[in-house]
Structures are given as structure tokens and as C-alpha cells.
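# Analysis of the macromolecular model
Residues per chain are reported as follows:
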Amino acid sequence: QTFEDVGVRAQGMSGAFVAVADDATASWWNPAGLATGTYLSAVVERGRTTEPVNPTSSGPAIRANVRDFAVAFPALGLSYYRLRISEIAGTGSTAAWVAGRQDPRVSGTSVRSAAVGQFGTTVGQSLGDHLVVGSTLKLLFAGAVSTVTTDENGLDVADDLETERHVKVDLDLGAMATFGHVRAGLTLKNLNEPTFGSGPDALTLARQVRAGLAVKSAPQGALQGWTVAADADLTTRTTVMGRVRHVAAGIEGWLVQGRLGVRAGVSGNTVDELRPSASAGVSYAVTRAFHVNVSRTQGRDESVRGWSSSVSVAF
């Protein structure tokens, strides 16, 4: 899992969202953001990212398919996230799960698929006038399975693997500080680093910490407000594509009396290869409360490329 797997608005800003997090996806990005948005927010999303965009049969490659639903009030959020993350190990991969694989040059390519279902309940609490803390209590159904295949479409093979799921409970924590138009956020995901299953197919959701800073403007004429944000991972993950520790910057603006939202962003990796990418997104308010949102992320072949779409309601 990465932060960027979920959230169409967040993906349109290249993942600069920890200090923004003002819609129902705050349950994923920063539980403390729950208290900073509209009175009622609901989001239904679907997305896919593939890295690289044209994976070879020998890998390495990752594909994440995500579906989610979240609804939030100022002090309570309910969410369900469903992720299917498939991987081709590749001959030079350093990921731990491929240690016992067969040599792909002789008998095929090692592929794995992890399935994660997450039911979450998010609550927040104000501490004074400037600070909110929040948490998401998660009931997780997750597991992973791997195999060796000679099929050229290894990610498709991994998508079709049946996984045995195990049940664990875990916690995400967040904090949001607001001073005028400036907000600072901090999120810790997977507090207990739960492990599902055992042996070579064991799946561990590693602890992740991410910080963010955002500046929001007041409405100015036709521009109903803009937000500039930046995020930085404070932890490093090891994936089949190499080590990952992201930084991101993004901007979002609302035009036409708040009916049209546009956003863009850039991101990169601060460890090993830079692997830069850029993203863009747009939202259109079909009615005052009902929005349709899309985003697209694109970079060079070794960067994440993908799309996401959602519908959202906000009052």
C-alpha cells in the first residue's frame, strides 16, 4: 500500500494531501482532517495505477486496483477500501517475498497478488482552537499469494489468483494544526504493522509516516479559492520497483462559482532513483452538492501512471 493508492483529488495533486484532507477520504489520508471539511461528505471511487505503464513479462512491475466508499461527518467517518495489488518480481528485485522463487530465466516469472479489504471508523477531537487529532480504527481482511508463470501477462495472472484472507485490527493516527490560511498535517498509518499469513506469502502492512503543509486562499473574484500543498514521506518502503520515499507538491483551484475544480502536481522519489511523475485532475459539480471527479498521473516509464474516477457528495 502507498498513500497515493486512494483519493482522486489527492492523486490529481500528486499526493500532496495530508494537510488538505477535507473530504471523506480523510479516513485514509489524515483522520484529523475529518473535522475541517463540509458537514456531510461522501465519496465513491475507482482507480488503477500501473508501474511501469508497459510492464514486460520479466518485470519488475506493480498494478494497484482500488475501489472505495467513504462517508464523513465533522466528528465521525465510516469507510471501506478494497485494494488488489499485483506484482511481477523481476530478476533484480530486493523484495523479501521473492527470496525463494524459481529462476524466471529457467521456469517462468514470479508473480504475487495481495488483497486488502479495510472497514474503518474514524473519529476526531479538537484540542484548543488550532489542533485536531484523529484516528481510524481498522478491521482488515488481507492476504497474499504467489506463483510462477510463463504467461507474458504476469500482472493479469496475479490479479486472478485466489488469496486466503486473515483478519486483524489496526489503527491509523493523524494530527492537523491550523493557523489562519496555513495548515500542517501528520499521519501515521498501520500503527501495529499487522502481518497476515506466514511463510513466503506472509503480507505485512508496514508502518508509514507522512507530513504535509498546505496554504489555502480566500475567494478572489471568479476564483473561489485555491490551495497549494506539499507532502513528504518520513519512512521508506521496499517494493519490487526499489525503495520508495515520496515528496510531492500540488495545487487546486475552484472556478465558475465553485462548479469547476482543477488541480495538478508533481512528485518524486528521494531515495535511489528520482522517478518523477506529474498529475492533473478535474472536478465538475453537476449540482451544487454532487461532483464528478477524474485524475490522471503520468511520468516516464519507471514512474507511476494511472487513472482514477469518483463521484462525491458534499453539503
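Residues numbered from 1 in each chain as written. Predicted model: local features only at pLDDT ≥ 70, side-chain atom pairs only at ≥ 80, totals over all residues. Heavy atoms only, no water.

### Things to note about the pattern of salt bridges
Two side chains that carry opposite charge are able to pair once their charged atoms sit near each other. The cut-off we apply is this: Within this document, salt bridges are pairs made up of a side-chain nitrogen of Lys or Arg and a carboxyl oxygen of Asp or Glu, the two lying within 4 Å of each other. To qualify as a helix, a DSSP run of H or I must reach at least 4 residues; to qualify as a strand, a run of E must reach at least 2; elements of each kind are numbered from the N terminus. For every residue, the accessible area (1.4 Å probe, protein chains only) is compared with the maximum for its type, and the residue is labelled buried under 20%, exposed over 50%, or partly exposed between those bounds.
By the definition in use, this model includes 15 salt bridges. Among the salt bridges present, the one from Arg9 reaches Glu252, with a minimum N-O distance of 2.9 Å. Taken together, the residues span a long stretch of sequence, with Arg9 in helix 1 (residues 8-12) and Glu252 in strand 14 (residues 246-255) at a distance of 243 residues. Accessibility expressed as a relative area gives 12% for Arg9, which makes it buried. Between Asp159 and Arg63 there is a salt bridge, and its shortest N-O distance comes to 2.6 Å.

### Digging into the confidence of the model for the chain
Should pLDDT be low for a region, the predicted coordinates there are not to be read in detail. What counts, and what does not: As a per-residue measure, pLDDT reflects the predictor's confidence and takes values from 0 up to 100. The contact definition used throughout considers only heavy atoms, calling two residues in contact when any of these lie within 4.5 Å.
Here the chain averages 85 in pLDDT, and 88% of its residues register 70 or above. Ranking the helices and strands of the chain by mean pLDDT puts strand 7 (residues 182-189) first, with 98, and helix 3 (residues 104-107) last, with 49. Low confidence marks residues 92-106, where pLDDT is under 50. Its contacts with residues over four positions away, or in another chain, come to 25 contacts. In this model, residues 299-304 is a region of pLDDT below 50 whose contacts with residues beyond four sequence positions or in other chains number 26 contacts.

### Overview of the nonpolar core
Our working rule: Residues enter a nonpolar core if they are buried and are Ala, Val, Leu, Ile, Met, Phe, Trp, Tyr or Cys, with the set joined through side-chain atoms within 4.5 Å.
Ranked by size, the top nonpolar core spans 32 residues in total, and within it Phe17 and Trp29 carry the most contacts. Among the secondary structure elements, those contributing two or more residues to this core are helix 2 (26-29), strand 2 (61-73) and strand 3 (76-88). The element that contributes the greatest number of residues to this core is strand 2, accounting for five residues. When sequence neighbours within four positions are dropped, the list of residues in contact with Trp29 reads Phe3, Glu4, Val6, Gly7, Ala10, Gly15, Phe17, Val18, Ala21, Thr187, Arg210 and Asp231.

### Section: a positive patch on the surface
We apply this condition: A patch consists of residues whose relative accessible area exceeds 30% and which take part in no salt bridge; residues with like charges are grouped when within 9 Å of each other, and nonpolar side chains (Val, Leu, Ile, Met, Phe, Trp, Tyr) when within 5 Å. Where accessible areas are quoted, they stem from the Shrake-Rupley method and a 1.4 Å probe; at the residue level, only the protein chains shown are allowed to cover. Asp and Glu count as negative and Lys and Arg as positive, but His and the ends of the chain are not part of the count. In plain terms, the charge of a residue is placed at NZ if it is Lys, CZ if Arg, CG if Asp and CD if Glu.
Together, Arg46, Arg48, Arg67, Arg82 and Arg165 give the surface a local cluster of positive charge. By secondary structure assignment, the location of Arg165 is in the loop between helix 4 (154-159) and strand 6 (166-179). Judged by relative accessible area, Arg165 falls into the partly exposed class, the value being 36%.

### Some details on a nonpolar patch on the surface
A grouping of Val44, Phe69, Tyr284, Val286, Phe290, Val292 and Val311 is seen on the molecular surface, where their side chains present a nonpolar patch of about 560 Å² in accessible area. Taking relative accessible area as the criterion, Phe290 reaches 31% and is therefore assigned partly exposed.

### Focus on the environment of Thr195
Applicable threshold: Polar contacts here mean pairs of N or O atoms no more than 3.5 Å apart (in protein, one a potential hydrogen donor and the other a potential acceptor; neighbouring residues in sequence count only if both atoms are side-chain atoms).
With respect to the secondary-structure elements, Thr195 resides in strand 8 (residues 195-196). The class for Thr195 is partly exposed, based on a relative accessible area of 30%. For Thr195 and His166, which are 29 residues apart along the polypeptide, the C-alpha to C-alpha distance reads 9.1 Å. Within the local environment of Thr195, its side chain forms a polar contact with the side chain of Thr204, the two groups lying 2.8 Å apart.

### What to know about unusual backbone geometry
Look at Asn190: it is not a glycine, yet its phi comes out positive at around 60°. Relative to the elements of secondary structure, Asn190 occurs in the loop between strand 7 and strand 8. The phi angle at Glu193 is positive, at roughly 45°, despite the residue not being glycine. Along the chain, Glu193 turns up in the loop between strand 7 and strand 8. The class of Glu193 is partly exposed, set by a relative accessible area of 33%.

### Remarks on the pairing of strand 14
Basically, it comes down to this: When DSSP finds two or more bridges between two strands, those strands count as paired.
Here strand 11 (residues 226-233) runs beside strand 14; their pairing, made up of seven bridges, is antiparallel. By the bridge assignment for strand 14, Val228 is matched with Ile251. With 10 bridges joining them, strand 14 and strand 15 (residues 260-269) adopt antiparallel strand pairing. Looking across to strand 15, one finds that Leu255 is bridged to Leu260. The loop that links strand 14 with its antiparallel partner strand 15 comprises four residues; one of these, Val256, has a positive phi angle of about 50°.

### Here's the deal with the environment of Arg84
Inspection of the secondary structure puts Arg84 in strand 3. When the C-alpha positions of Arg84 and Arg63 are compared, they lie 8.1 Å apart, and in sequence the two are 21 residues distant. Non-local contacts of Arg84, meaning those with residues more than four positions away in its chain, are made with Arg63, Ala64, Asn65, Ser113, Ala114, Ala115, Ala158, Asp159, Asp160, Leu161, Glu162 and Thr163. A distance of 3.4 Å separates a polar atom in the side chain of Arg84 from the backbone oxygen of Ala158.

### Remarks on empty space enclosed by the protein
Formally: Here a cavity is any set of points on a 1 Å grid over the protein atoms alone where a 1.4 Å probe fits but cannot get out, and a pocket is any open set with protein on both sides within 12 Å along at least 5 of 7 lines; a residue lines the site when it has an atom within 4 Å of a point. Grid points are joined across faces, edges and corners, and a volume is the space filled by probe spheres set on the points.
A full pass over the atoms with the stated rule returns two cavities of 30 Å³ or more. Approximately 70 Å³ is the volume attributed to the largest cavity. Around the largest cavity, the lining residues are Thr2, Phe3, Glu4, Gln208, Asp233, Thr235, Arg237, Val244 and His246. Quantified by volume, the second largest cavity comes out at close to 50 Å³. As for the second largest cavity, its lining consists of Asp5, Val6, Gly7, Val8, Gln11, Glu45, Arg46, Gly47, Val66, Asp68 and Ser308. Among the elements that make up the lining of the second largest cavity, the one with the highest residue count is strand 1 (residues 41-51) (three residues).

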